[in-house]
Amino acid sequence: MPLDKDQDLRDIRAEETARGRKQPKKALTRARERILRKIANLLADPNSDLEAYLETTRELGLTEESPEFRQILALWKRRRGNG
């Protein structure tokens, strides 16, 4: 988790040093990219479990009925088996 905190601090500094108006879309995009990176890391880590993977996927705001959620679950199953 210290890496997430460091990343948050870097994001805040970048926003504070930006000229003009704040860019909330950019901050949301960064947060979304961070979650997607975390999902990719969990998928690549042979010691991660399905529950942590799905919990992180839900952090994106996806419901289990959504096509995107099903695609992400299919990635896990394709890579790990039926889990």
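Above: the structure in question.
Residues numbered from 1 in each chain as written. Predicted model: local features only at pLDDT ≥ 70, side-chain atom pairs only at ≥ 80, totals over all residues. Heavy atoms only, no water.

So, the overall build of the protein
Counting its secondary structure elements, the protein contains 4 helices and 0 strands. Counting from the amino terminus, the protein carries its helices and strands in the arrangement α-α-α-α. Considering the protein as a whole, with its 83 residues, one finds that 20% of them fall into the buried category. Restricting the contact set of the protein to residue pairs at least 6 apart, pairs at least 24 apart contribute 39%. Summed over all atoms, the accessible surface of the protein reaches about 6600 Å², with 53% contributed by carbon and sulfur. (Helix = DSSP H or I, 4+ residues; strand = E, 2+ residues; numbered from the N terminus. Buried < 20%, exposed > 50% of the residue type's maximum accessible area, 1.4 Å probe, protein only. Contact = heavy atoms within 4.5 Å. Areas by Shrake-Rupley, 256 points an atom, 1.4 Å probe, with all protein chains shown as cover.)

Description of the nonpolar core
Where a protein is soluble and globular, its nonpolar side chains tend to be buried together. Counting residues in hydrophobic clusters, the biggest one holds 11 residues: Ile35, Ile39, Leu42, Leu43, Tyr53, Leu54, Leu60, Leu62, Phe69, Ile72 and Trp76. Every element with two or more residues in this core is listed here: α2 (24-44), α3 (50-58) and α4 (67-80). In terms of residues, this core owes the most to one element, α2, which gives 4 residues. (Core = buried A, V, L, I, M, F, W, Y, C linked by side-chain atoms within 4.5 Å.)

A word on the pattern of salt bridges
Counted by the stated rule, this structure contains 4 salt bridges. Close ionic contact of Arg37 with Glu33 constitutes a salt bridge, the shortest N to O distance being 4.0 Å. With Arg37 and Glu33 both in helix α2 and 4 residues apart, the pair spans about one turn of that helix. For Arg37, a relative accessible area of 45% translates into the label partly exposed. Here Glu33 falls in the partly exposed class, since its relative accessible area comes to 42%. With a closest N to O distance of 3.9 Å, Glu59 and Lys38 form a salt bridge. (Salt bridge = Lys/Arg side-chain N within 4 Å of Asp/Glu carboxyl O.)

What to know about the packing of aromatic side chains
Taken as a whole and judged by the stated rule, the model has 1 aromatic pair. Relative to Trp76, the ring of Tyr53 has its centre 4.8 Å away and its plane inclined at 40°; by these criteria the two rings are tilted. Pair noted here: Tyr53 is in helix α3 and Trp76 is in helix α4, with a separation of 23 residues, a long-range link. Exposure remark for Trp76: the relative accessible area of 3% places this residue in the buried category. One cation-aromatic arrangement involves Arg80 over Trp76; the distance from NZ or CZ to the ring centre is 4.2 Å. (Phe/Tyr/Trp six-rings, centres within 6.5 Å; stacked < 30°, edge-to-face > 60°. Lys NZ or Arg CZ within 6 Å of the ring centre and 35° of its normal.)

As for the side chain of Thr56
For Thr56, the location among the structural elements is in helix α3. With residues up to four places along the chain from it excluded, the contact list for Thr56 reads Ile35, Lys38, Ile39 and Leu42.

So, to be careful, I would describe these as geometric facts and stop short of saying anything about function.
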